[in-house]
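# Structural characterization, general
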Amino acid sequence: MPTVAGCKNTAIIPGTEIPDTPDNREILQVIERFRTSFVRQDPAGILATAHPTYYDESGTDDPSDDIVYEELGPILRRRIAQLESVRFTIEYLDVYMRRDRATVNVWIDATFRLKPILGDDGMPRFPRAWSPSRTTPSSS
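The structure contained in this document is the topic of the report that follows.

Rules of the game
Residues numbered from 1 in each chain as written. Predicted model: local features only at pLDDT ≥ 70, side-chain atom pairs only at ≥ 80, totals over all residues. Heavy atoms only, no water. Core = buried A, V, L, I, M, F, W, Y, C linked by side-chain atoms within 4.5 Å. Buried < 20%, exposed > 50% of the residue type's maximum accessible area, 1.4 Å probe, protein only. Helix = DSSP H or I, 4+ residues; strand = E, 2+ residues; numbered from the N terminus. Expected span 1.5 Å × (residues − 1). Contact = heavy atoms within 4.5 Å. Pairing = 2+ DSSP bridges.

### Remarks on the nonpolar core
What tends to happen in soluble globular proteins is that the nonpolar side chains get buried as a cluster. Membership of the largest hydrophobic core comes to 17 residues, with the highest contact counts inside it found for Ile18, Leu28, Leu72, Tyr92 and Val95. Secondary-structure elements contributing two or more residues to this core are α1 (22–39), α3 (69–80) and β5 (83–98). Residue contributions to this core peak at 6 residues, all from β5.

### Points about α1
Taking 1.5 Å as the rise per residue, α1 with 18 residues should run 26 Å; its terminal C-alpha atoms sit 26 Å apart, in good agreement. Taken together, the buried positions of α1 are Asn24, Ile27, Leu28, Arg35 and Ser37. Buried residues belonging to α1 abut α2 (43–47), β5 and β6 (101–114). Phi turns positive, to about 60°, at glutamine 41, one or two residues after α1.

### Overview of the pairing of β5
In this structure, β5 lies alongside β6, joined through 14 bridges in antiparallel fashion. Looking across to β6, one finds that tyrosine 96 is bridged to threonine 103. In this structure, the hairpin formed by β5 and β6 is closed by a connection of 2 residues, where arginine 99 is found at a positive phi of approximately 55°.

Now the structure itself:
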């Protein structure tokens, strides 16, 4: 049974305040496929949610670190392989539609742990308890 929002008498998607429409459901389902693929550390699942026009400037003005869709699969496989564990939740706040574009406002709460970096001897280069102060010779 759909949830009904306050006085508006409008059905909302459970766990959100977003109106329950076919478009809104489809949009949130795509984002959930992305989120669950990330948690499962499934690069193919993540890539399946990207549009062929995907383009990421990596948050810099340097074009050498930009990523296009054709490069995304190998990058995802390499980076996901570096993860030991992932925790990723999303709270959906609003969905705005304009022509063929949607904007979704969310709160993301995510953390991850990287696998240890191994040295030539196969041992972690930086043990979990490593800190810069432990590598500094003590002065007496």
